[in-house]
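Architecture at a glance
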Amino acid sequence: MRFGPLVAFRGATQNAATHTPESNAMSSPRRALIVIDVQNEYFTGRLPIEHPPVAESLPNLLRAMDAAQARGVPVIVVQHSAPAGAPVFAPGTDTWELHPEVARRPRDHYIEKSLASAFAGTDLADWLAARGIDTLTVIGYMTHNCDASTIYEGAHRGLRMEFLHDATGALPYANAAGRASAEEIHRVFSVVFHSNFASVASTAEWIAALDAQQALPLDNVPQSNLRAREANA
């Protein structure tokens, strides 16, 4: 999956309506990788991830974890817990458990959460601050729920956020507001993230940025909008 011209304009400052190429010059990022809710519920439970399919996203996610571990980037594993007896993510059930490939890999920190954002009601912000982390890379599920909530809150807290589009995934929805496929949801959220909140990249691009000790590019709202209007003119 590619986002083409989305990455052509390089910016850096999150939470701003405009970013400039000059602002992309920054010190080497101090990254952490956050692995959000990679639990059996999304593989064998009631909420199967559809896009990208888990046969694609899980290997990329594990590749990112391994790359982080090999390069000294802290890895944070997050597990979502619903109240006992809930239809999904009920603690102690098989579908609540972490995917075994994630569970067996080394991690530097573990967070159990009950809300969408990995920051809400947890020690994540303090843990990152104590280690001087300024850039948080998001992988895991779901793009439009816990990933999005964590990205928005992290950006609002002043962190540089990154989102690996091939190591994450979405579900389709249909409700009173309308219908959206998993591909539509994942693509639209990715475009919105990259316009202002998080640098969107592939796992391979992220690993290359790790090796180069460079920040990933981030677009901005006016340029993203201008390109869309020009394409439709």
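Residues numbered from 1 in each chain as written. Predicted model: local features only at pLDDT ≥ 70, side-chain atom pairs only at ≥ 80, totals over all residues. Heavy atoms only, no water.

Further remarks concern the packing of helix α1 (residues 54-70) against helix α6 (residues 203-212). Between α1 and α6, the shortest axis-to-axis distance is 10 Å and the interhelical angle comes to 10°. Classified by the angle their axes make, α1 and α6 are roughly parallel. Facing Asn-60, Arg-63, Ala-64, Ala-67 and Ala-68 of α1, the residues of α6 in contact are Thr-203, Ala-204, Trp-206 and Ile-207. A per-class count over the contact of α1 with α6 returns 6 nonpolar, 2 polar and 1 charged. (Axes fitted to C-alpha atoms, helices over the stretch in contact; angles between N-to-C directions. Helix = DSSP H or I, 4+ residues; strand = E, 2+ residues; numbered from the N terminus. Parallel < 35°, antiparallel > 145°, perpendicular 65-115°, else oblique. Contact = heavy atoms within 4.5 Å. Nonpolar A, V, L, I, M, F, W, Y, C, P; charged D, E, K, R; others polar.)

For the pair helix α4 (residues 143-156) and helix α5 (residues 182-197), the least separation of the axes is 11 Å and the interaxial angle reads 5°. Classed by the angle they form, the pair α4 and α5 counts as roughly parallel. Of the residues in α5, those in contact with Thr-143, His-144, Ala-148, Ile-151, Tyr-152, Ala-155 and His-156 of α4 are Ile-185, His-186, Phe-189, Val-192, Phe-193 and Phe-197. A per-class count over the contact of α4 with α5 returns 9 nonpolar, 4 polar and no charged.

Time to look at the pattern of salt bridges. In this structure the tally under the stated criterion is 10 salt bridges. Glu-162 serves as the salt-bridge partner of Arg-31, at 2.8 Å between the closest nitrogen and oxygen. You can see Arg-31 sitting in strand β1 (residues 31-36) and its partner Glu-162 sitting in strand β5 (residues 160-169), a full 131 residues away along the chain. In this pair, the class of Arg-31 matches that of Glu-162, namely buried. A salt bridge links Arg-187 to Glu-183, with the nearest nitrogen and oxygen atoms 2.7 Å apart. (Salt bridge = Lys/Arg side-chain N within 4 Å of Asp/Glu carboxyl O. Buried < 20%, exposed > 50% of the residue type's maximum accessible area, 1.4 Å probe, protein only.)

With 6 of 6 residues buried, strand β2 (residues 75-80) is to be regarded as a mostly interior element. Burial along β2 is two-sided: the residues Val-75, Val-77 and Gln-79 and Ile-76, Val-78 and His-80 are all buried. Sheet analysis places β1 next to β2, joined by 4 bridges and oriented parallel. Following the sheet pairing, Ile-34 is matched in β2 by Ile-76. (Pairing = 2+ DSSP bridges.)

For helix α7 (residues 221-232), with 12 residues, the first-to-last C-alpha span of 17 Å sits near the 16 Å given by 1.5 Å per residue. Between the side-chain oxygen at the start of α7 and the backbone nitrogen of Gln-223 there is a gap of 2.7 Å, and the oxygen is on Asn-220. (Expected span 1.5 Å × (residues − 1). Polar contact = N/O pair within 3.5 Å; in protein donor to acceptor, adjacent residues only side chain to side chain.)

A word on the side chain of Gln-79. Tracing the backbone through its elements, the reader meets Gln-79 in strand β2. In this structure the side chain of Gln-79 is engaged in a polar contact, spanning 2.9 Å, whose partner is the backbone oxygen of Trp-96. Look past the residues within four positions of Gln-79 in its chain and what remains in contact with it is Asp-37, Gln-39, Trp-96, Glu-97, Leu-98, Tyr-110, Ile-111, Glu-112 and Lys-113.

By themselves, these observations are geometric and do not establish any function.
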